[in-house]
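What follows is each chain in one-letter form.
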Amino acid sequence: MNILVAGATGAVGRLLVPLLLKEGHQVTGVSRTPEGVERVRRQGASAVQADAFDRDALRRVMAATAPDAVIHQLTALSDADGETTNRLRREGTRNLVDAARSAGVERIVAQSISWAYVPGETPADETEPLDLGAAEPRRGMVEGIRALEETAAEMETCVALRYGILYGPGTWYAPGGAVAAALAGDPNARLLANLEADVSVTSFVHVADAARATVAALGWPSGPVNIVDDEPAEGRQWLPVLAAALGVPAPEERTGRQNEARGASNERARSRGWEPEHTTWRYGFAAQDV
């Protein structure tokens, strides 16, 4: 299959490109920087430089590459830039989908998130609605996800992968990353994360498992799918384990909870043949590579 990967140098993209090549796919990675283009080419794939906010550039790229499928991994989360990430989810997705449809592409796999559901007491499955009634700043994030998924769903086949919190190489949670800096007391650490040892529930997924799910999703039917490990957990459970793995102090335990932090179920993904190799953060955190 001829596949175009938008956001090919992000935390998922950099692991995804080699997996796609290994499966025998023809891959073109899109990056907005010359350095990103060169990185993709070193992995053995074709690469083009284009900005997701440039509609005309994306149309030219799509026409030239004529992919069978598009994989959407566009974010600005490496810079902890929530505003630009929301804009990419709204405007970047619109530009990408319009360009794909103009070139006759029928399939898209898009990166979404698993913590945008309405509040609840149990891990959310994909039948739960998004939390569109949330107060700001959460509302802006949820609206960005709604726009991303609704726009991507204009394609004939659209799989929205609702990843859990990503950890592993290239993420905030890797050794030496932003979470380690924040837990060590660095006031300049840049991240968008809840690091309270409270009873808020989080679902994680190792970035390598997210990349594997993305490859598998090229053959899945349309719809959202949670991509998370097997053990949603409270902050007071996972934060001490993470802190120990990173060699930094653990925060003090608290009693509060973010109501929307409920975790997610991976039952649908498992029913489609995917299962995480890192089944729980309990050993996954300690096994992280930089």
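This text follows the structure it describes.
Residues numbered from 1 in each chain as written. Predicted model: local features only at pLDDT ≥ 70, side-chain atom pairs only at ≥ 80, totals over all residues. Heavy atoms only, no water.

### Observations regarding the nonpolar core
Then comes step 1: One finds V5, L20, I71, L161, Y163, W220 and I227 to be the most contacted residues of the largest nonpolar core, which totals 33 residues.
Then comes step 2: Counting residues per element, this core draws most heavily on helix 7 (residues 207-216), at five residues.
Then comes step 3: With near-sequence residues (within four places) excluded, I227 lies in contact with L161, R162, Y163, G164, V205, A210, A213, W220, A269 and W274.
Then comes step 4: In terms of nonpolar packing, the next biggest core, distinct from the first, is built from 24 residues, A52, V61, L96 and V105 among them. (Core = buried A, V, L, I, M, F, W, Y, C linked by side-chain atoms within 4.5 Å. Buried < 20%, exposed > 50% of the residue type's maximum accessible area, 1.4 Å probe, protein only. Helix = DSSP H or I, 4+ residues; strand = E, 2+ residues; numbered from the N terminus. Contact = heavy atoms within 4.5 Å.)

### Here's the deal with helix 4 (residues 82-102)
Then comes step 1: Here helix 4 contains 21 residues, and its C-alpha end-to-end distance of 29 Å stays within 8% of the 30 Å for a straight helix at 1.5 Å per residue.
Then comes step 2: If you look at helix 4, its biggest bend is around 35°, right at L88.
Then comes step 3: Buried within helix 4 are the following residues: T85, N86, L88, R89, G92, T93, N95, L96, V97, D98, A99 and A100.
Then comes step 4: If you follow the buried residues of helix 4, they end up packed against strand 1 (2-6), helix 3 (55-65), strand 4 (69-72), strand 5 (107-113) and helix 5 (138-152).
Then comes step 5: Taken from the residues just after helix 4, G104 is the one with a positive phi, measuring 80°. (Expected span 1.5 Å × (residues − 1). Bend = angle between axes of the 7 residues up to and from the residue.)

### Some thoughts on helix 7
An α-helical turn contains 3.6 residues, so any two residues separated by three or four positions project in the same direction.
Then comes step 1: Most of helix 7 sits inside the fold, with seven of its 10 residues counted as buried.
Then comes step 2: Of the residues making up helix 7, those classed as buried are V207, D209, A210, A211, A213, T214 and V215.

### Brief notes about the packing of helix 1 (residues 13-22) against helix 7
Then comes step 1: Where helix 1 meets helix 7, the closest approach of the two axes is 9 Å, and the angle between their N-to-C directions is 45°. Put simply, helix 1 runs oblique to helix 7. The way helix 1 lies across helix 7 gives a crossing that is right-handed. The residues of helix 7 that touch helix 1, namely those facing L15, L16, L19 and L20, are V207, A208, A211, R212, T214 and V215.
Then comes step 2: The residue makeup of the contact of helix 1 with helix 7, split by class, is eight nonpolar, one polar and one charged. (Axes fitted to C-alpha atoms, helices over the stretch in contact; angles between N-to-C directions. Parallel < 35°, antiparallel > 145°, perpendicular 65-115°, else oblique. Left-handed = near helix turned anticlockwise from the far one by under 90°. Nonpolar A, V, L, I, M, F, W, Y, C, P; charged D, E, K, R; others polar.)

Limitation: the analysis is restricted to geometry and does not speak to function.
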